[in-house]
Amino acid sequence: GKATTATPGPASSGRKGTTSFSINGTAVTQNHEDTEPGINYNISNRNMSLYLFGDVASQPCSGMLQISKAPFDLKPGTYDCAAGFTRYTQVDGGGQNINYHGKSFSVTFTRIDPTGDKRVWLASGTFSGELPLGVYEKPGISDAMLKITDGKFNNIRLTQLGNP
């Protein structure tokens, strides 16, 4: 599979952010060019939310992986996080989405680099974990567990929200 790519805004000095990961051993692809990965850091509650998009080629459109951690120290290191994955079953967003949630997801921030904008950094790192099917999903869904492996993000915008 090919890596998901996105172009951060002007604060990134033109460097291109990239993401990639596998679901149950299959590399993800991105089916929508308008979805850009990103990281929001809410300074008031020190919550970090990392958003990535993609799914295996057999799915009709990109899913969304959200990884969150509070408190987040805004510095490199390995964090135990909660995560969720939404699998969209129809391209237009209609239909029944399938949700996965887990509390043992690991994210390592290897770099958090300043951009010249006091509220924007470029972050790089790795991630992995297992996401069981959400408790409210209907029985009979073939993937009862999503194993996320080979997760990488490079030069993804990390944006501070709120005021200190």
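Criteria and thresholds
Residues numbered from 1 in each chain as written. Predicted model: local features only at pLDDT ≥ 70, side-chain atom pairs only at ≥ 80, totals over all residues. Heavy atoms only, no water. Helix = DSSP H or I, 4+ residues; strand = E, 2+ residues; numbered from the N terminus. Buried < 20%, exposed > 50% of the residue type's maximum accessible area, 1.4 Å probe, protein only. Contact = heavy atoms within 4.5 Å. Areas by Shrake-Rupley, 256 points an atom, 1.4 Å probe, with all protein chains shown as cover. Core = buried A, V, L, I, M, F, W, Y, C linked by side-chain atoms within 4.5 Å. Salt bridge = Lys/Arg side-chain N within 4 Å of Asp/Glu carboxyl O. Phe/Tyr/Trp six-rings, centres within 6.5 Å; stacked < 30°, edge-to-face > 60°.

Draft legend 1. Layout of the overall build of the protein. Helix and strand counts for the protein stand at 0 helices and 10 strands. Seen in sequence order, the protein has helices and strands lined up from the N terminus as β-β-β-β-β-β-β-β-β-β. The buried share of the protein, reckoned over its 164 residues, is 43%. Within the protein, contacts between residues separated by at least 24 positions form 62% of all contacts whose residues are at least 6 apart in sequence. Accessible surface, the protein as shown: approximately 8,200 Å² in total, 50% of it carbon and sulfur.

Draft legend 2. Quick look at the nonpolar core. Core analysis: the largest hydrophobic core is formed by 31 residues, its most contacted members being Leu-65, Phe-105, Phe-109 and Phe-127. Broken down by secondary-structure element, the contributors of at least two residues to this core are β2 (17-23), β4 (38-42), β5 (47-54), β6 (63-69), β7 (77-87), β8 (98-114), β9 (120-132) and β10 (145-161). Among the elements that line this core, the one with the most residues is β8, at 6 residues. Among residues more than four places away in sequence, those in contact with Phe-127 are Ser-20, Phe-21, Leu-52, Leu-65, Ile-67, Phe-105, Ser-106, Val-107, Ile-148, Gly-151, Lys-152 and Phe-153.

Draft legend 3. Here's a closer look at the pattern of salt bridges. For the coordinates displayed, the defined rule picks out 5 salt bridges. One salt bridge in this structure joins Asp-113 and Arg-111, with 2.9 Å as the shortest N-O distance. By relative accessible area, which is 15% here, Asp-113 ends up buried. One salt bridge connects Lys-147 with Glu-130, and the closest N-O pair in it is separated by 3.8 Å. Placement of Lys-147 in strand β10 and of Glu-130 in strand β9 is noted, with a sequence separation of 17 residues between them. The exposure class of Lys-147 is partly exposed, given its relative accessible area of 41%. Linked through salt bridges whose partners overlap, the residues forming this network are Asp-55, Arg-87 and Asp-143.

Draft legend 4. Here's a closer look at the packing of aromatic side chains. If you walk through the whole model with that rule in mind, you get 8 aromatic pairs. With centroids separated by 5.4 Å and ring planes inclined at 70°, the aromatic side chains of Phe-109 and Phe-153 adopt a geometry described as edge-to-face. Placement of the pair is Phe-109 in strand β8 and Phe-153 in strand β10, with a sequence separation of 44 residues. Taken individually, Phe-109 and Phe-153 each receive the classification buried, so the pair is uniform in this respect. Every member of this aromatic cluster is reached through a ring pair, and the members are Phe-21, Tyr-41, Phe-72, Tyr-79, Phe-105, Phe-109, Phe-127 and Phe-153.

Draft legend 5. The arrangement of unusual backbone geometry in detail. In this structure, Pro-71 follows Ala-70 across a cis peptide bond, with omega equal to -5°. One can find Pro-71 in the loop between β6 and β7. Of note, the phi angle at Arg-46 is positive, near 55°, even though the residue is not glycine. By secondary structure assignment, the location of Arg-46 is in the loop between β4 and β5. Judged by relative accessible area, which is 35%, Arg-46 ranks as partly exposed. Positive phi is not limited to glycine here, since Leu-74 has a value of about 55°. Inspection of the secondary structure puts Leu-74 in the loop between β6 and β7.

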